[in-house]
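Observations on the model geometry
One-letter residues, chain by chain:
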Amino acid sequence: MTSTSYIELSQQALDKNISFIRQVIGLDPRLTAVIKANAYGHGIEQFVTMAEQTHINHFTVFSAEEAQRVLKSSRMNSDALVMGFMTNEEVEWAVHNQVEFYVFEQDRLRQAVKAAQKWSKKALIHLEIETGMNRTGFRREEFLEIAPYIREHLKELFVKGLCTHYAGAESIINHKRVEAQVERFSEMIVLAEREKIPPEVCHSACSAAALAFPNTVMDLVRSGILCYGYWPSQQTQEHYYSQHPELRDVSLLKPVLQWKSWVMSTKEVKAGDHIGYGESYMADQDMVIASVPVGYGYGYPRDLSNKGEMLIHGKLAPVVGRVGMNATMVDVTHLYNVKKGDEVVIIGEQGDKAIWAAAFPEWENPLNYEVLSRLPESTPRLAVE
Ligand SMILES: *Cc1c(COP(=O)(O)O)cnc(C)c1O
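Cut-off values and rules
- All residue numbers here refer to positions counted from 1 along the written sequence of the relevant chain.
- The predicted origin of the model limits local features to residues at a pLDDT of at least 70 and limits the giving and counting of side-chain atom pairs to 80 or more, whereas totals for whole chains, interfaces and linings rest on all residues.
- Each side-chain value is worked out from all heavy atoms of the structure, with water and hydrogens disregarded.
- By convention in this text, a residue qualifies as near a molecule or strand provided that one of its non-hydrogen atoms is within 4 Å of it.
- The method behind every accessible area is Shrake-Rupley, applied with a 1.4 Å probe, and residues are considered shielded solely by the protein chains displayed.
- Secondary structure counts use DSSP, requiring at least four H or I residues in a row for a helix and at least two E residues in a row for a strand, with both numbered from the N terminus.
- Each residue receives one of three labels: charged for Asp, Glu, Lys and Arg, nonpolar for Ala, Val, Leu, Ile, Met, Phe, Trp, Tyr, Cys and Pro, and polar for the others, Gly being one of them.
- A carboxyl oxygen of Asp or Glu within 4 Å of a side-chain nitrogen of Lys or Arg is what we treat as a salt bridge.
- Burial status follows relative accessibility: with a 1.4 Å probe on protein chains alone, a residue under 20% of its type maximum counts as buried, one over 50% as exposed, and anything between as partly exposed.
- Here a pair means two rings of Phe, Tyr or Trp (six-membered ring of Trp) with centres within 6.5 Å. Their orientation is stacked below 30 degrees between planes, edge-to-face above 60, and tilted elsewhere.

**Some words on the site of the ligand**
- If you check the shell around the ligand, you find 13 residues, and the closest are Lys36, Tyr40, Ser207, Ile225 and Tyr369.
- When the ligand is considered free in solution it has 390 Å² of accessible area, and contact with the protein chains removes 91% of it.
- At the level of elements, α2 (36-40) and β9 (220-223) are the ones that each hand at least two residues to the shell around the ligand.
- Split into classes, the residues belonging to the shell around the ligand amount to six nonpolar, four polar and three charged.

**Notes on the pattern of salt bridges**
- Evaluation of the coordinates by the stated rule reveals 14 salt bridges.
- With its nearest N and O atoms 2.9 Å apart, the salt bridge here joins Arg30 to Asp79. With Arg30 in strand β2 (residues 30-34) and Asp79 in strand β4 (residues 79-82), the pair connects residues that are 49 residues apart, well separated along the chain.
- The exposure class of Arg30 is partly exposed, given its relative accessible area of 31%.
- We classify Asp79 as partly exposed; its relative accessible area is 27%.
- What emerges from the salt-bridge pattern is a single network uniting Glu45, Glu65, Arg69 and Glu377.

**Some details on the packing of aromatic side chains**
- Scanning the model with the defined rule gives ten aromatic pairs in all.
- Relative to Tyr240, the ring of Phe20 lies with its centre 5.2 Å away and its plane at 85°, an arrangement referred to as edge-to-face. Note that Phe20 is positioned in helix α1 (residues 11-25) and Tyr240 in helix α10 (residues 234-243), a separation of 220 residues in sequence.
- Overall, the relative accessible area of 2% leaves Phe20 in the buried class.
- The exposure class assigned to Tyr240 is buried, which follows from its relative accessible area of 4%.
- When the centroid spacing of 5.7 Å and the interplanar angle of 50° are considered together, the rings of Trp231 and Tyr241 count as tilted. With Trp231 in the loop between β9 and α10 and Tyr241 in helix α10, this residue pair connects regions lying ten residues apart in the sequence. Like Tyr241, Trp231 is buried.
- Members of the aromatic cluster, connected to one another through ring pairs, are Phe20, Trp231, Tyr240 and Tyr241.

Interpretation note: all reported values are geometric properties and have no functional meaning in isolation.
Printed below as a string of structure tokens:
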């Protein structure tokens, strides 16, 4: 059967984005592609395969379930790192499969030791440090409390990493808070050495931090959004270009994902009639509208009612009326002979026009992350050159 829309993933775009990240972080740090939330909607399986072609061999996810999908789809025996949720049984699974994972609470630390004893394999742990985000991670006092336990269990534990996460490095208003976090983290690195549990690698930078705070780029960089071809925010983009005026006219990123569908049907509407649910849109002239079989149930934001645009025949077609669960209407009055079956681009390029998730309204607080990660897993994804 045919799905109502499909997603195309561009290998060329991914290659370009990875080269840009390399340009930003240099050749030495290891790069891990952050592929939580189904690879920001791109599809973990498809994305791992594509990323491995650009020689990425480390993937960071949120849950054990996602890590398992990395192991299944990897053809290069890539490493997987879980930053978030795991049950105690999954800690066992991770140790058995040599999946790396964050440790940010004492219970998980003990589970790691137990699992290591059970399998006679080391648990590959990343100790997460609280530096000001106040989500997960050990505060200094807690770290000092667990340090002796870790030292006693260095047969079971391999301290792969010491890490932290910045609270909003994509936004200038958080600048001071991030600087304070950087400072606190570097103190903790010294402390870890002093406590004789030196980590193999230290890492803190996400995409925005790597761009705006070069000193956050340590041994490993956890980059998500840049891999997919988006700036973390408009501010980071402006900041980067202001630091590199010579690159003003160079496009440095290209979105990997395009989302496409087809015109399901067209209809003429008389001036004065309402279109769609409720009375949010009234035709002020005789109009032709096309219905597209994509709605909020397929990840097209309802907020784009009467605001969004799609591409048909290489031209913008504005959304009219409310976005429905399964279908959305667009105005094609200005287009010539739009027919059932014509291609509709929801995110992507058509002719010389483009609509990217970042251009959706109200994206100042990074809606691109949200729009992408909400694309349903059931929508087919197809890799192209
Ligand atoms: C999501 C996430 C990242 C990646 O963030 P991007 O802005 O997509 O680069 C890095 N680290 C942690 C802890 C995250 O949750």
